[in-house]
Amino acid sequence: MSSNPKLEAKEVLIAGLALALWLVTVALGIWEVYVLRQLYYLLYARFARQFGGGDYESADAIGYCLLPILAFGFIAFAIATGEWHRLNLGRPRSWKVFAVTIAIQLSILLVYEII
């Protein structure tokens, strides 16, 4: 931190805002794990009805295999973005990553709502 109190307050405010945004993206990421699994079930049911075949047991077995993959992906996402924002705090590239992350997360939610 610098010796200028106004600059220190600005840095603390930026760090607090980045932490709050990161926590929002992590919370959305947890919700995305559930949404993506439900989206899988919706698509499986739709294609099974359209093309024939498929039953509940096989859909559920694949869904249980999908859950750890999504969970590990979420953990990697949370750690990678946390480190990225810690290293690039207050830089434009950090804010761009926030914007892209939130846009992708909201688009997944939009696809889920449409289907």
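Owing to the predicted nature of the structure, the values given are computational and were not obtained by experimental measurement. (Residues numbered from 1 in each chain as written. Predicted model: local features only at pLDDT ≥ 70, side-chain atom pairs only at ≥ 80, totals over all residues. Heavy atoms only, no water.)

Further remarks concern the overall build of the chain. Along the chain, the regular secondary structure elements total three helices and zero strands. The order of α-helices and β-strands along the chain, N terminus first, is α-α-α. At 19 Å, the chain has a C-alpha radius of gyration far larger than the 13 Å of a compact globule built from 115 residues. Overall, the C-alpha framework of the chain stretches about 70 × 25 × 15 Å when taken along its three principal axes. (Helix = DSSP H or I, 4+ residues; strand = E, 2+ residues; numbered from the N terminus. Rg over C-alpha atoms; globule rule 2.2 N^0.38 Å.)

As a further point, take a nonpolar patch on the surface. Taken together, Leu-42, Leu-43, Phe-47, Phe-51, Leu-110, Val-111, Ile-114 and Ile-115 make up a surface patch of nonpolar side chains, about 750 Å² in accessible area. Secondary-structure elements contributing two or more residues to the nonpolar patch are α1 (5–51) and α3 (92–114). A per-element tally of the nonpolar patch places α1 first, with four residues. Relative to the helices and strands, Phe-51 is located in helix α1. (Patch = residues over 30% accessible without salt bridge, like charges linked within 9 Å, V, L, I, M, F, W, Y side chains within 5 Å. Areas by Shrake-Rupley, 256 points an atom, 1.4 Å probe, with all protein chains shown as cover. Salt bridge = Lys/Arg side-chain N within 4 Å of Asp/Glu carboxyl O.)

Looking now at α3. Here α3 contains 23 residues, and its C-alpha end-to-end distance of 33 Å stays within 8% of the 33 Å for a straight helix at 1.5 Å per residue. For α3, the complete set of buried residues consists of Ser-94, Phe-98, Thr-101, Gln-105 and Leu-109. (Expected span 1.5 Å × (residues − 1). Buried < 20%, exposed > 50% of the residue type's maximum accessible area, 1.4 Å probe, protein only.)

Right, let's talk about the confidence of the model for the chain for a bit. Close inspection of predicted coordinates is inappropriate for parts of the model with low pLDDT. Confidence in the prediction for the chain averages 87 pLDDT; 95% of positions are at 70 or higher. Looking at the elements of the chain, mean pLDDT is at its lowest for α1, recorded as 87, and at its highest for α3, recorded as 91. (pLDDT = per-residue confidence, 0-100.)

A word on the packing of aromatic side chains. A complete count under the given rule lists four aromatic pairs for this structure. Aromatic side chains Trp-31 and Tyr-34 sit 5.1 Å apart centroid to centroid with 40° between the ring planes, which places their arrangement in the tilted category. Here Tyr-34 and Trp-31 lie together in helix α1, a separation of three residues that amounts to about one turn. The exposure class of Trp-31 is partly exposed, given its relative accessible area of 43%. Seen in terms of ring centroids, Tyr-40 and Tyr-44 are 5.8 Å apart; in terms of plane orientation they differ by 50°. Their pairing is tilted. (Phe/Tyr/Trp six-rings, centres within 6.5 Å; stacked < 30°, edge-to-face > 60°.)

We now examine the pattern of salt bridges. Scanning all chains against the criterion turns up one salt bridge. The partner of Glu-83 in a salt bridge is Arg-86, with the nearest N and O atoms 2.8 Å apart. Of this pair, Glu-83 and Arg-86 both sit in helix α2 (residues 56–87), three residues apart, which is roughly one turn of the helix. In this structure Glu-83 comes out as partly exposed when scored by relative accessible area, which is 37%.

Let's shift gears to the nonpolar core. Grouped together as the largest cluster of nonpolar side chains are five residues: Val-26, Val-33, Leu-70, Phe-74 and Ala-78. Elements with a contribution of two residues or more to this core: α1 and α2. With three residues, α2 is the largest single contributor of residues to this core. Residues contacting Val-26, with those up to four places away along its chain left out, are Phe-74 and Ala-78. (Core = buried A, V, L, I, M, F, W, Y, C linked by side-chain atoms within 4.5 Å. Contact = heavy atoms within 4.5 Å.)

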